[in-house]
Amino acid sequence: MPIFYHVSRADINGFDKLELIECSTEVFPCTGAWTDEEFRKCIIKMFNGKLSAHGKTYFYNQFVYNGSGFSVHDSAVIEYTYELVRQIHFSKAPSRFQSFFAVESIEDAQKLRNETFSGHGDIYEVECEDFFKADMKLLYTGICFAGNQILANKYWSGESSDNPLWEILMKEPVRIIRKIEV
């Protein structure tokens, strides 16, 4: 089974596997724009009611209601654009909202931790059989929605940027082998 390296900002020491989170019973509070039942049905329809921690964060924790309207973080726009492009054109690829992320080497895990997570997070050796490889450097936002869609198509097609950082989107089951001390 292939071995990869996962950077976790959460404390997963003592866990033996990474698992999806049951989300179909949770709701995103809103001022009457939808019902709890509509929200549950949406999560169940799109993701069988289960998301990874990454998916949960970007599917419904990035919107901020300020009393008169919502604001949205750029990362949420990127993630949702990539998800829609995946659903329409690359439906056999795993959803980023239901994936666990890794890289192929300890060196890439250290680079990811330093460049993306401001030096925070523990590195774990993990293994899984079902995965997808893509260049995470293509996730950065274009200057318009069309640019994001172009980058999303390149990402899901397996193309690379000029300076790729390959990420592995792992599907369950993902077994944690050990924490790497670096």
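Residues numbered from 1 in each chain as written. Predicted model: local features only at pLDDT ≥ 70, side-chain atom pairs only at ≥ 80, totals over all residues. Heavy atoms only, no water.

Scanning the chain from N- to C-terminus turns up five helices and 11 strands. Looking at the chain alone, contacts between residues at least 24 apart form 75% of all its contacts between residues at least 6 apart. (Helix = DSSP H or I, 4+ residues; strand = E, 2+ residues; numbered from the N terminus. Contact = heavy atoms within 4.5 Å.)

Looking now at the confidence of the model for the chain. Mean pLDDT for the chain: 88, with 88% of residues reaching 70 or above. Across the chain, the secondary-structure element scoring lowest on mean pLDDT is strand β5 (residues 63-65), at 57, and the one scoring highest is strand β9 (residues 131-135), at 98. (pLDDT = per-residue confidence, 0-100.)

Let's shift gears to the sheet that holds strand β1 (residues 3-8). Strand order in the open sheet formed by four strands is β1-β8-β11-β2, with antiparallel pairing between adjacent strands. The open sheet has two edge strands with one neighbour each: β1 and β2 (17-18). Pairing of β2 with strand β11 (residues 174-180) involves two bridges; the strand directions are antiparallel. Note on β11: the bridge partner recorded for L18 is V174. Against the sheet, helix α4 (residues 106-116) makes contact with β1, β8 (122-127) and β11, and its axis sits at roughly 20 degrees relative to β1, the strand it touches most. (Pairing = 2+ DSSP bridges. Axes fitted to C-alpha atoms, helices over the stretch in contact; angles between N-to-C directions.)

What follows concerns unusual backbone geometry. With an omega of -5 degrees, the peptide bond between E172 and P173 qualifies as cis. You will see that S118, though not glycine, has its phi angle at about 50 degrees, which is positive. You can see S118 is positioned in the loop between α4 and β8.

On to the nonpolar core. Y82, L112, Y155 and W156 are the most contacted members of the largest nonpolar core, which has 24 residues in total. For this core, the secondary-structure elements that each account for two or more residues are β1, α3 (74-89), α4, β9 and α5 (145-157). The next biggest cluster of nonpolar side chains, apart from the first, holds 13 residues, and it includes F4, A102, Y124 and V126. (Core = buried A, V, L, I, M, F, W, Y, C linked by side-chain atoms within 4.5 Å. Buried < 20%, exposed > 50% of the residue type's maximum accessible area, 1.4 Å probe, protein only.)

A separate point is the pattern of salt bridges. Here the structure, examined in full by the defined rule, presents 11 salt bridges. A salt bridge links E37 to R40; the shortest N-O distance between them is 3.9 Å. Taken together, the positions of E37 and R40, both in helix α1 (residues 36-47) and three residues apart, correspond to about one turn of that helix. What makes E37 partly exposed here is its relative accessible area of 41%. In the salt-bridge network here, residues are joined through shared partners; they are E79, R96 and E167. (Salt bridge = Lys/Arg side-chain N within 4 Å of Asp/Glu carboxyl O.)

Looking at the secondary structure, you find E22 in strand β3 (residues 21-22). For the pair E22 and L51, spaced 29 residues apart in sequence, the C-alpha to C-alpha distance is 6.8 Å. Not counting chain neighbours up to four residues away, the residues in contact with E22 comprise G49 and K50.

Our next topic: the packing of aromatic side chains. To describe a pair of aromatic rings, one takes the distance between the centres and the angle between the planes. If you walk through the whole model with that rule in mind, you get five aromatic pairs. When the ring of F47 is compared with that of F97, the centres are 5.5 Å apart and the planes differ by 90 degrees; the resulting orientation is edge-to-face. Of the two residues, F47 is situated in helix α1 and F97 in the loop between α3 and β7 (100-102); the sequence distance between them amounts to 50 residues. Comparing F47 with F97, the two get one shared label, buried. Arranged with centres 5.6 Å apart and planes meeting at 75 degrees, the rings of Y82 and Y155 form a pair that is edge-to-face. In this pair, Y82 sits in helix α3 while Y155 sits in helix α5, placing the two residues 73 residues apart along the sequence. With respect to class, Y82 is no different from Y155; both count as buried. (Phe/Tyr/Trp six-rings, centres within 6.5 Å; stacked < 30°, edge-to-face > 60°.)

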